[in-house]
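# Residue-level structural notes
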Amino acid sequence: MQNTNTLKEKWMPNRAAEAIIRAEKIEKYYQQPNESRIQVISATDLSIQPGEILALLGPSGSGKSTMLRMLSGLSTPSAGQVFWHGSPIREAEVNVSIVFQSFALFPWLTVLENVAAPLQARGVSPAERRERSLRMLDTVGLDGFEAAYPKELSGGMKQRVGFARALVVEPEVLFMDEPFSALDVLTADNLRSELLELWTKKTMPTRAVFLVTHNIEEAVLLADRIIVLGRNPGHIRTDFRVKLPHPRDRKSATFTQLVDYIYKVLTRPDVAPAEAPAQAAGPRAPEQKQRYQMLPHTRPGGIAGLLELLLDKGGRDDMYRLADDLSFEIDDLLPIVEAAQMLGFLHVEEGDAVITAEGTEFANSEILRQKELFRDAAMAHVLLLRQIRRALETKSDNTVPEDFFLDMLDEQFSEEESLRQMETAVAWGRYAELFDYDAGRRRFVLPDSQEEEAAAGEEAH
Amino acid sequence: MRIPHPLARSLVTVRNWPVLIDLAIAGAALAAFFAMISTGVYWLSKPVPVVAISSSIGVLPVYAFYSIVRMAIAYCLSLTFAIAYGYIAAYNPRIEPWMIGVLDILQSIPVLSFLPPVVLAMVALIPGHQLGIEMAVIFLIFTGQVWNLAFSFYSSLKTIPREMIEASRVYRYSGWQRFWQLEMPYAAIGLVWNSIVSVAGGWFALIFCETFTMGNRNFQLPGLGSYIQTATFDGNVRALVSGIGAVVLIVVATDQLLWRPLIAWSDKFKFEQVEASERVTSPILTLLRRSAFLGAVPGRIWNSLQEPLLRRLARSKETRIVHPVDESASRRPSPALWLLGVAVFAAICWAAVQAALLLRTLTWPDLRLLLEGAAATFLRVNAALLISAAWTIPVGVAIGFNPRVARIVQPLAQIMASVPATAFFPVLLIFLVRLGGGLGIGSIALMLLGTQWYILFNVIAGAMSIPSDLREVARLFHFSRWQRWTRLILPGIFPYLLTGMVTASGGAWNASVMAEYSRVKGHTLEVIGLGAQIDAATDTGRFAMLLLATIFISLMVVTMNRLVWRRLYRLAETRFKLEA
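Keep in mind that what you see is a predicted model, and the values were worked out from it rather than measured. (Residues numbered from 1 in each chain as written. Chains lettered and ligands numbered in written order. Predicted model: local features only at pLDDT ≥ 70, side-chain atom pairs only at ≥ 80, totals over all residues. Heavy atoms only, no water.)

All names here are of chain A. Pairing in this open sheet of three strands is antiparallel, and the strands run E11-E13-E12 from one edge to the other. Of all strands in the sheet, those with a lone pairing partner are strand E11 (316-318) and strand E12 (346-349), marking the two edges. On average, each strand axis in the sheet is inclined to that of its neighbour by 25 degrees, with strand direction left out of account. Across four bridges, E12 lies against strand E13 (residues 352-355) in antiparallel orientation. Looking at E13, one finds that His347 is bridged to Val354. The strands that helix H9 (residues 300-312) touches are E11, E12 and E13; relative to E13, the one it contacts most, it runs at about 90 degrees. (Pairing = 2+ DSSP bridges. Helix = DSSP H or I, 4+ residues; strand = E, 2+ residues; numbered from the N terminus. Axes fitted to C-alpha atoms, helices over the stretch in contact; angles between N-to-C directions. Contact = heavy atoms within 4.5 Å.)

Here it is, written out as C-alpha cells:
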C-alpha cells in the first residue's frame, strides 16, 4: 500500500520545490463596464515539472491558450500568481519559447535571420548567432534553406523554422500552442514523431514541454501527463499520467482506451470524470524501465473460451451481451477480457470486444497450437513471464526461487497482491509450457524436455 | 496586375471616442488660430524683404532645386512626426482616443485655409528674414502630408497579428529590435503608398504657397510655385509652359526613380504566407540590387552600428523579462503632469473665447455672404465630384476590363494624380480669360483638374479586381447591360470608387480656396464661394471673416466625412467586399 502511495505522490503536481513553473490560484476575467465580470478561467493550480511533456486538452473556449499565455508570462492573471523557479514570473529572467499555430515567422526575414533573431535579442555575437542557428536548422532538417524566405516554404517546413527558432535559445520550457493544427495530417504526423525523437534522445536541451491541443490522439501520443480543461469558466476536469513508453502505438489497446476515456470526459461535461484507466505497458518498448502489468486473475482456459465464443459471434460483440450469454457478471468477464487484451488477442472499442488476427488464429487452432500461440503472446506481452523464462534459461541449473520474483513484485504491489500475481503467472506459465513450478521447493524449473535442450545449447557454446 | 493598395486617403472608420473629445479638439484649434493671428498682427509692422522672381528659363533649375529641398525637408519632418505620433497613440491607451480624434479632424481640414494665419505667424516669429516664409511654407506642406502618414502607421501597428507580437515578447525583443524587425517592416507598405499621396499633396500646396499676397504686401520665395504664379500674373506663356514642364518632369522622375523602386522593394514586406505570382518591377531597383557595393556596404555599416547597441540592450533589465501583452501601460500621471494639463486647458479655453469674441465684429450681411458662399462652394465641390465620377467610371471600367490597356494607363493615371493640379490652374485661367468667361464654370473645371485622376486610378483598380469568374457568370446568364452594371460592376468597384471619391473630395475642398479667386494679368477673377471669401479676407486683412470661413469649411468637411463618407465606407467594408 505504501508503495502505491509514493508512486501516486510522484505523479501529483504539487511538489512545489521542483516545479519549473508553478501557478497558484490563477484566474482570468474581464471586467465589464456594468460592474459584472466575464470569468474566462476560474482559480486554478497548475505546475510544470522538469522532464515531462504536459498536454493541455480542452474544448474551444476552455481557455487553453489563455492558460498557456499566463504560464509563459505573456499574459498577466487577473488574480493569483505564477512562479518561475519560485520567484514571481514578472520579475524573473524567464527562459521559455513558444511554437505558434500560425508559425508567427517574420516574412521579411530569411529563415536564418528568423532563427537568429531571438539570439540577437540576447546579445549573442554575430558569428556565434550564425553558428548556433545553422546548427539548429540542421537539427530540424532544414539544412540548405537558410537563405530562403518563409513564404517560399511549405507549411511543414515553416513550422520547422518555428521549432528551430524556439529551440535555438535553449529554453527550459518549450510551449506549443496547437503547433500541428495548421498542417495536413501526414506532415503533422511526421513532425510529431521527429519532435518526440528530439525529446527522448535529449537532442534538445529543453527540460519540459507544454503542449496545448484539441487533438486527443496527439495528446496521448506525446504527453507524459494530460490535463483536460472544462469550460464556462475554464477549470481542470482531470489531470493524469500517461505511462505508455515511447514510441506509442496508436493501435494498442491501452492507447485506444485512453483516447476513449478522454473522449468521454470531453463529451460529457456535466459528469464528474472517472479515474483514468490503468495502463499496461505497450508492446513496442520493452527496453524502457519496466513495471509489471497487473495480471488479471483468470485462467488460460477462460481466455480460450471467450475467444471461441467471440469468433462465433463474428469477431465482435458488446461486452454486456457477452456476459449475458455466458451468464457471467460483467465483473467476472472483465478480467478475462483484460487478459485477452493484454495478450493481444482482442481489443476494446466503444464497449465492444473485437477479436484480433492473433485471437482468431488462437480460437481456430487445436490445443497444442493454442499453447504455442499463447506462449508467443505471453513472451511478447507479459513482462513477468518473460523474466521468469529468461532467468531460467540463463541459470546453469535451470531453476530460480519464487522469492526472487516475489521481491520484485513487492516493489510494486501489496504483499497479498504479489502472491496472487504469482499464482496467476504460474497458471499461465504452466499452460504455455514456459516453465514448471515445484510447489515443494517453491522454485521455478524449466519443463523436462526443454531442460535437455537448454543443457545441449549450453554445451555447444 | 492587381493593385493591392489604391491611392487612398485613410479615414477613421470606427469612431469610439466621445463627442467631448471632438469639442475639445475644436476648441484647441480655435485657440491655435487665435494665437497665430495675434502674433501675426503684432509683428506685422516689421518689414519683410521681398524677393523678386525672375522669369527667365535659365533660373528654373535653381528654382526647382529650392522647391525640391523644401519638399524633402517637409517630407522628412512629416515622416518622423507621423511615426512618433502613430507610435505614441498605439501604445498609450489613455491618450489614444484623443490622438486619433485629432488625426480625424485635422486630416479633414483643407490645408490651404490655414495658409494666411500660418504665414503670418511664422513671419512674425522670425521677423526681417525670408526664413519665416520659408518655414511657413514647409509647415504647410508638412500639415498637408503628415496626417495620412500618421494614420497609416498607427493602423499598421494596431493590425500586427497577435502571435507576431507575442513572438517578439516571448523572445524578449528590445524596443529597438521590435521597431526594426516587426513594426517598421509591417508598416512599410502602407507608409510607401501613403507617401506617394502625401508628396502629391505636398506639391499641390507648395505651388500655391510660395507666392502669397496679403493686403499690399507680397510674400515670395524663389521656387517653382512662385515662378509659375508670376508667369501667370504677367501672362508670360513661354515661362508658364516651361515652369509646368519642370513640375511634370520632377513628378515623373520621382515616380520612376523613387516610388517605383520603393514599391518593388517594399514587396518583401508583404504579409503573405504564399508567394504572389505577379509583382511590381522596377529596372532601377534591379540595377541597384546588382551593385555589389550597395548590396553589402550599407548592411555592414548598419550592423556595425547596431551590434553594440543590441548587446547593450540585451543586458538591460527591460529585455531580461517577458513583458505581458496585456500589460496595462496606464500608470498614474504625476501631479506635475496634472498641473500642466490644467494650465494648458485653461489657456486653450481663454484663447478659444478670445477667438470667439473676434467673431463679434462680424455683421449680419457678412454672415449671409459666408452662408451663401458655403452653399455655393458645397455645390461646386459636389458638382466637380459628380462630373469626375460620370466620366471616369465608364472609362475606368472599360480600361480595367482590358488588361493590356490597363497595364499602360494605370501607371499613367497614377502619375497624373501626382501632378499637382495647382500647376495647371494658370493655363486654364489664361484660357478662360481669353474666352472672356468668368470663374463660375471655370472654378468647377479647376477643381476637376485636381479630382478626376484619383477617381480614375481607383476605378481602374476596382474594375481589375472583379474576379473573371463573376464576369463569366454575367456573360453565361446573358445579363442585360443594366443588370451587368447594377449587379456586377458597380458593386464590384464600390470600395475602390469610394476611396477615390473621398480622396478627390478632400482635394476639391482644398482646390476651392484657389479656384474661386485668382489674379491673371493684373485682373482679379472671383465668384461667390467660401474659398473666395478666405482669399478676399486675407487680402483685406479681415481676420474675423477669415476665421469664420475656415470654421465653415472645416465643419462642412468634417460633417460630410462623418455623415456620408464614413457610412459608405463601412458599407463598402461589409457588404461590398470581394474576398479573395
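More follows now that the structure is in view.
Turning next to the sheet that holds strand E1 (residues 21-31) of chain A. In any sheet, the strands associate via hydrogen bonds between backbone groups, in a parallel or an antiparallel arrangement. Residue and element names in this part refer to chain A. Reading across from one edge, E2-E1-E4-E5 is the order of the four strands in this open sheet, with antiparallel pairing throughout. Edge positions in the open sheet fall to strand E2 (37-48) and strand E5 (87-88), since each of these has one partner strand only. Sheet topology note: the E1/E2 ladder contains eight bridges and is antiparallel. When the bridges of E2 are listed, Arg22 appears paired with Ser47.

Inspection of the entire model under this criterion finds 30 aromatic pairs over all chains. Between the aromatic rings of Phe374(A) and Trp428(A), the centroid separation amounts to 5.8 Å while the plane-to-plane angle is 80 degrees, which identifies the pairing as edge-to-face. With a gap of 54 residues between them, Phe374(A) in helix H13 (residues 367-381) and Trp428(A) in helix H16 (residues 415-431) connect regions that are remote in the sequence. Trp428(A) carries the same exposure label as Phe374(A), and that label is buried. One aromatic cluster in this structure is built from Phe106(A), Trp108(A), Tyr173(B), Tyr186(B), Trp265(B) and Phe269(B). When the ring centre of Trp199(A) is taken as reference, the NZ or CZ atom of Lys202(A) above it lies at 4.8 Å. Here the basic side chain of Arg471(B) rests over the ring of Phe401(B), its NZ or CZ set 4.0 Å away from the ring centre. (Phe/Tyr/Trp six-rings, centres within 6.5 Å; stacked < 30°, edge-to-face > 60°. Buried < 20%, exposed > 50% of the residue type's maximum accessible area, 1.4 Å probe, protein only. Lys NZ or Arg CZ within 6 Å of the ring centre and 35° of its normal.)

This brings us to the confidence of the model for chain B. Per-chain confidence: chain B averages 78 in pLDDT, with 85% of residues scoring 70 or above. Segment residues 1-10 of chain B: pLDDT under 50, and 38 contacts once partners within four positions in sequence are set aside and those in other chains are kept. (pLDDT = per-residue confidence, 0-100.)

Before going further, it helps to spend a moment on the environment of Lys151(A). Residues and elements named next belong to chain A. On the secondary structure map, Lys151 appears in the loop between helix H4 (126-139) and helix H5 (155-167). Judged by relative accessible area, which is 10%, Lys151 ranks as buried. Considering only alpha carbons, one finds Lys151 and Thr110, 41 residues apart in sequence, at a separation of 9.5 Å.

Another aspect to go through is a nonpolar patch on the surface. On the surface, a nonpolar cluster with roughly 510 Å² of combined accessible area is contributed by Val62(B), Phe65(B), Tyr66(B), Val69(B), Ile73(B) and Leu77(B). Within the element layout of this structure, Val69(B) appears in helix H2 (residues 60-91). (Patch = residues over 30% accessible without salt bridge, like charges linked within 9 Å, V, L, I, M, F, W, Y side chains within 5 Å. Areas by Shrake-Rupley, 256 points an atom, 1.4 Å probe, with all protein chains shown as cover. Salt bridge = Lys/Arg side-chain N within 4 Å of Asp/Glu carboxyl O.)

This part covers empty space enclosed by the protein. One water molecule sets the probe size; rolling that probe over the atoms shows where empty space is left. Residues and elements named next belong to chain B. What the rule picks out here adds up to eight cavities of 30 Å³ or more. Every element with two or more residues in the lining of the second largest cavity is listed here: helix H7 (175-209), helix H9 (237-266) and helix H14 (403-418). Considered class by class, the residues forming the lining of the second largest cavity number seven nonpolar, two polar and one charged. (1 Å grid on protein atoms, 1.4 Å probe; cavity = no way out; pocket = protein on both sides within 12 Å on 5 of 7 lines; lining within 4 Å. Points joined across faces, edges and corners; volume = space filled by probe spheres on them. Nonpolar A, V, L, I, M, F, W, Y, C, P; charged D, E, K, R; others polar.)

Moving on to the interface of chain B and chain A. Counting residues at the interface gives 37 residues for chain B, matched by 42 residues for chain A. Both faces combined, the contact of chain B with chain A buries some 3,500 Å², and carbon together with sulfur accounts for 51% of it. The tally of links from chain B across to chain A stands at ten residue pairs in polar contact (both at pLDDT 80 or more). Only helix H6 (162-170), H7 and helix H11 (292-315) of chain B provide two or more residues apiece to the side of chain B that touches chain A. The element best represented in the side of chain B that touches chain A is H6(B), accounting for seven residues. (Buried area = accessible area lost by both parts, 1.4 Å probe. Polar contact = N/O pair within 3.5 Å; in protein donor to acceptor, adjacent residues only side chain to side chain.)

In this section: the pattern of salt bridges. Residue and element names in this part refer to chain A. Counting across every chain of the model gives 36 salt bridges over all chains. One salt bridge connects Arg369 with Glu361, and the closest N-O pair in it is separated by 2.8 Å. What makes Arg369 partly exposed here is its relative accessible area of 28%. Among the residues examined, Glu361 registers a relative accessible area of 37% and is labelled partly exposed.

Residue and element names in this part refer to chain B. At a minimum axis distance of 11 Å, the contact between H9 and H14 shows a crossing angle of 120 degrees. Looking at the two axes, H9 sits oblique to H14. Crossing geometry of H9 relative to H14 is assigned as right-handed. Taken together, the residues of H14 that come into contact with H9 (itself represented by Val251, Val252, Asp255 and Ile263) are Gln414, Ile415 and Ser418. Split by residue class, the contact of H9 with H14 holds four nonpolar, two polar and one charged. (Parallel < 35°, antiparallel > 145°, perpendicular 65-115°, else oblique. Left-handed = near helix turned anticlockwise from the far one by under 90°.)

All names here are of chain A. Burial analysis of strand E3 (residues 53-57) places five of its five residues in the buried class, the great majority of the element. Burial of E3 is two-sided: the residues Ile53, Ala55 and Leu57 facing one way and the residues Leu54 and Leu56 facing the other way are all buried. Pairing between E3 and strand E8 (residues 208-213): five bridges, direction parallel. Following the sheet pairing, Leu56 is matched in E8 by Val212. As judged from the four bridges shared by E3 and strand E9 (residues 225-230), these two strands associate in the parallel manner. Across the sheet, the residue bridging to Leu57 is Val228, located in E9.

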